[in-house]
Amino acid sequence: MIGNLLRTALFHFILAATAGIGAAANAQTLALVGGKVYASPDAAPLDDAVVVTAAGVIAAIGSRSDVQIPSDARVIDCAGKTVVAGFWNSHVHFTQAVWKNTGSAPAAPLQEHMREMLTRWGFTTVWDIGSDGRDTLALRRRVNAGEVAGPDIHSVGSIFPKDGHPAYLPPEIKLPEASAPDEAAQLVRTYIGFGLDGVKLFTGSFKGSGKPVVNMDPAIAKAAVDVAHAAGKPVFAHPQNMAGVEAVIAAGVDIMAHTVPGESVYSPEQLARFKQQGIALVPTLSLFAKLPVAPDIAARLVATTVNQVKVFSDNGGPVLFGTDVGFTTIYDTTLEYELMHRVLSARQILASLTTNPAQYFKAAKKGRVEKGFDADLAVLDGDPVADVRNLAKVAYTIRAGQVIYQKP
Ligand SMILES: [Zn+2]
């Protein structure tokens, strides 16, 4: 069931696990001078500020008169710019052809594609929720070794229901299906043993328009969740329809990786369970806005999914920014911000990019621009609270004190 793909991957995974080096090895001492800083999404902005980073962490933050700029610092002029914590994208995929054999591929094309897809949009941490782990863990190793400028990568292994090969994935790819709880549990043990950081369950799988969705038996999903949780790993789900959402609830899944287009809004009972169980939501609104369907149908899909985000957020649930980039080639994040802004404030959107995921994934030193926090920063060409589209106007992306993107 697990397949040769995974078995042959074992040695690659061991290499990846032992070769990881902190990106702080490449950190510079930086002084970001003269910008406006939002230390957190709910903080008042600090104007004409200085942020100093050293050895991969934030060494100082304050007004220009209060902070000494180290003599060895690389000074980045941030006049007219806004500094916020580095962004998280909690739904990406390293599945495009460029990522094949990342362990041995030349670094330049990898870095170039990383820039187009992620670093130029401010992302310093990503969750890859479905790819060939051999490639993605090799990529992570090279990113962390400083060979490829990129974000902090987390990656998960996928489990599909029996006969649940989605219509949009190439039929020749063999996908790991679980037809019984013990098979699901064994797959999760294998993934964790290989060094993956969590699991993604297709609690609903799209088989093509007009065909019934194949849902995962909640007992199978729960067996996977139990093993993952015992190891302290999160579980994502692709719900596809309301039956898939019900399986999320019944199985104790942590994160819904999408809203559910074509369905109504979540019911009061579902919202109560989301809250009780601490379930998080990744909207992926622009994905649905750009589906190859008639404009009126697309408009309806957007209206329902936007409304799902609204009721989920109003219910107090954590919204985690995510776009499904890598599956979609909509790299520009502007549309996602505009759609989210129909129902969320700019500060709520900033939280979905920073503090919400940091808190949800227990990254205690990420998500805020504070002394002692990781030096993960996005420098924007404008104030995102004044105009959310400024979240996509990135001048610099800094991860662990290293500039991983600089606008040409
Ligand atoms: Zn996806």
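Residues numbered from 1 in each chain as written. Predicted model: local features only at pLDDT ≥ 70, side-chain atom pairs only at ≥ 80, totals over all residues. Heavy atoms only, no water.

Enquirer: Looking at this structure, how should I read the nonpolar core?
Expert: General note: in soluble globular proteins, nonpolar side chains tend to be found buried as a group. Counting 75 residues, the largest nonpolar core has F87, F94, I159, L201 and Y266 as its most contacted members. Here this core takes six residues from helix α6 (residues 218–230), the largest share from any one element. Split by domain, this core shows at least three residues from each of two domains, domain 1 (4–20 + 87–364) and domain 2 (23–84 + 392–406). If you look at the next biggest cluster of nonpolar residues, it comprises 19 residues, including V369, Y396, I398 and V403. (Core = buried A, V, L, I, M, F, W, Y, C linked by side-chain atoms within 4.5 Å. Buried < 20%, exposed > 50% of the residue type's maximum accessible area, 1.4 Å probe, protein only. Helix = DSSP H or I, 4+ residues; strand = E, 2+ residues; numbered from the N terminus. Domains from an automatic or database assignment.)

Enquirer: It is not clear to me how the coordination of the zinc ion should be interpreted in this structure. Could you clarify?
Expert: Ideal values for angles at a metal depend on the geometry: 109.5 degrees with four tetrahedral donors, 90 or 180 degrees with six octahedral donors. H91 (NE2), H93 (NE2) and D324 (OD) make up the full set of protein donors to the zinc ion, lying at 2.0 to 2.2 Å. All donors to the zinc ion come from one chain, and their sequence spacing reads H-x1-H-x230-D. Grouping residues by exposure puts H91 and H93 together as buried. (Donors = N, O, S within 2.8 Å, 3.2 Å for Na, K, Ca; no water.)

Enquirer: Could you clarify how one ought to interpret helix α12 (residues 346–353) in this entry?
Expert: Along an α-helix, a turn takes 3.6 residues, which lines up residues three or four apart on a common side. Burial runs high along α12: six of the eight residues are buried. Taken together, the buried positions of α12 are occupied by A346, I349, L350, A351, S352 and L353. The elements touched by buried residues of α12 are β5 (82–85), β6 (87–92), β7 (123–128), α11 (334–340) and α13 (355–360). (Contact = heavy atoms within 4.5 Å.)

Enquirer: Would you explain the sheet that holds β6 in this entry?
Expert: Neighbouring strands of a sheet are bound in pairs by backbone hydrogen bonds; such pairs are parallel or else antiparallel. Taking strand neighbours across the sheet as the criterion, the three strands line up as β6-β7-β8 in an open arrangement whose pairing is parallel. In the strand order of this sheet, the two ends are held by β6 and β8 (152–155), each with one partner. Ignoring which end each strand starts from, the neighbouring axes of this sheet average 15° apart. For β7 and β8, the ladder comprises four bridges, and the chain directions are parallel. By the bridge assignment, T125 is partnered in β8 with D152. Lying on the sheet, helix α4 (residues 133–144) is in contact with β7 and β8; it crosses β8 at an angle near 160°. (Pairing = 2+ DSSP bridges. Axes fitted to C-alpha atoms, helices over the stretch in contact; angles between N-to-C directions.)

Enquirer: It is not clear to me how the pattern of salt bridges should be interpreted in this structure. Could you clarify?
Expert: Note on pairing: side chains with opposite charge can pair once their charged atoms come close. By the definition in use, this model includes 16 salt bridges. Between K81 and D381 there is a salt bridge whose closest N-O contact spans 2.7 Å. Placement of the pair is K81 in the loop between β4 (74–77) and β5 and D381 in the loop between β17 (377–380) and β18 (394–399), with a sequence separation of 300 residues. According to the relative accessible area criterion, D381 is partly exposed, its value standing at 26%. (Salt bridge = Lys/Arg side-chain N within 4 Å of Asp/Glu carboxyl O.)

Enquirer: Got a minute to help me understand the sheet that holds strand β11 (residues 199–201) in this structure?
Expert: Within the open sheet, the six strands sit side by side as β10-β9-β11-β14-β15-β16. Their pairing is parallel. Unpaired on one side and paired on the other, β10 (177–178) and β16 (280–281) mark the two borders of the sheet. The sheet contact formed by strand β15 (residues 255–256) and β16 spans two bridges and is parallel. The residue of β16 that forms the bridge with I255 is A280. Taken strand by strand, α6 contacts β9 (157–161), β10, β11 and β14 (235–237), and its axis lies near 170° from that of β11.

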